[in-house]
Amino acid sequence: MNACNTTRRDFLKTVGAGALGAALIGPAAPAQETESSRPNILFCIADDWSWPHASIAGDKVVKTPTFDGVAREGVLFRNAFVTAPSCTPSRGSIVTGQWHWRLEEGGNLWSTLPAKFAVYPDLLEQAGYHVGCTRKGWGPGRPQPGGRTRNPAGPSFKDFRTFLSARPTGAPFCFWFGSTDPHRGYEWESGVKSGMKIEDVEVPPCLPDSEIVRKDLCDYYFEVQRFDREVGELLDLLREKGELDRTLVVVTGDNGLPFPRCKSNLYDGGTSVPLAVRWPARVQGGRVAEDFVSLQDLSPTFLEAAGQKPPAAMTGRSLLTLLTSG
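Residues numbered from 1 in each chain as written. Predicted model: local features only at pLDDT ≥ 70, side-chain atom pairs only at ≥ 80, totals over all residues. Heavy atoms only, no water.

Caption draft 1: Just the overall build of the protein chain, in detail. A tally of helices and strands in the protein chain yields 12 helices and 8 strands. Within the protein chain, the proportion of its 326 residues that are buried is 59%. Looking at the protein chain alone, contacts between residues at least 24 apart form 76% of all its contacts between residues at least 6 apart. Taken as a whole, the protein chain presents about 13,200 Å² of accessible surface, with 52% of it coming from carbon and sulfur. (Helix = DSSP H or I, 4+ residues; strand = E, 2+ residues; numbered from the N terminus. Buried < 20%, exposed > 50% of the residue type's maximum accessible area, 1.4 Å probe, protein only. Contact = heavy atoms within 4.5 Å. Areas by Shrake-Rupley, 256 points an atom, 1.4 Å probe, with all protein chains shown as cover.)

Printed below as a string of structure tokens:
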């Protein structure tokens, strides 16, 4: 799906038609019943997922009911960008709230992140949060040469359920779900075998329009859908425990899709990513934000939502005012 071919009218039609995604997330509780100054924080990040490859954005092939539901019941950002179109510097920017080029070795792929750069999971842990991550946190790289004893995204857990079981009674949590989807390699023709039709694929103008490319894009979509499904399972678990509506949920990607002129390139295909935020205790749902935002803004946003003051070194700007503006 080419972002330039998605009109606002088409997008709003898609938003209005989305009962399925809303049903998956469930009705939001009234704000006054879920108000909390210390929300749980669930950060879900895909690996190589570009805007606008979500059904709510008008893509006719990929199906992302969970992301669509989060977006409809929260705020959907149409202009969210990473600071770097590569995993390690992008994720370093997210956890530190700083431009990647300020992070010394951390500005490179397969590097380290010097311990002198504060990261939001550590700061929230110091404030009493139960923190953790699963699968791909910050990286790829090695935290030890930078003076760290664990991944900057937090201590590693087998899965979200195990993480929640280890939480001290009454403590809010901050969890990083780092999927490895839709990173390559793909299972050839997995998308077509799942029912996708290659004739429905809109090939980005930077790629040759051929059967092979269309099938490859379907395989990419197949993994996007798997990420979306797993995020839905996390939300179901929170709903089961009665904590979904007091949780600040963020769903996004770390850089663009792994195709030529996309990932590792400073074009929209490499830097523009999906972003949706849901927090019914504070954030009015059903909104679309056209504002240009950066994923480095998430770190100060999480800290401010938790009642903490972001460090002066953070170059990102908290999105909380934008999210709660109505």
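Caption draft 2: Highlighting the pairing of strand S2 (residues 75–81). With 7 of its 7 residues buried, S2 lies for the most part within the structure. Relative to strand S6 (residues 272–278), S2 runs antiparallel, the two sharing 5 bridges. Bridging from a neighbouring strand, Leu76 pairs with Ala276 of S6. Bridge count for S2 against strand S7 (residues 287–289) is 3 bridges, and the pairing is parallel. Within S7, the position partnered with Phe77 by the bridge is Ala289. Of the pairings in the sheet, the one linking S2 to strand S8 (residues 293–294) comprises 2 bridges and is parallel in character. What sits directly across from Phe81, in S8, is Ser294. (Pairing = 2+ DSSP bridges.)

Caption draft 3: Focus on helix H5 (residues 87–96). Most of H5 sits inside the fold, with 10 of its 10 residues counted as buried. Residues of H5 that are buried include every one of Cys87, Thr88, Pro89, Ser90, Arg91, Gly92, Ser93, Ile94, Val95 and Thr96, and no others. Check the buried side of H5 and you find it contacts strand S1 (40–46), helix H6 (120–126), strand S4 (173–178) and helix H11 (298–305). Following H5 by one or two positions, Gly97 has its phi on the positive side, about 70°.

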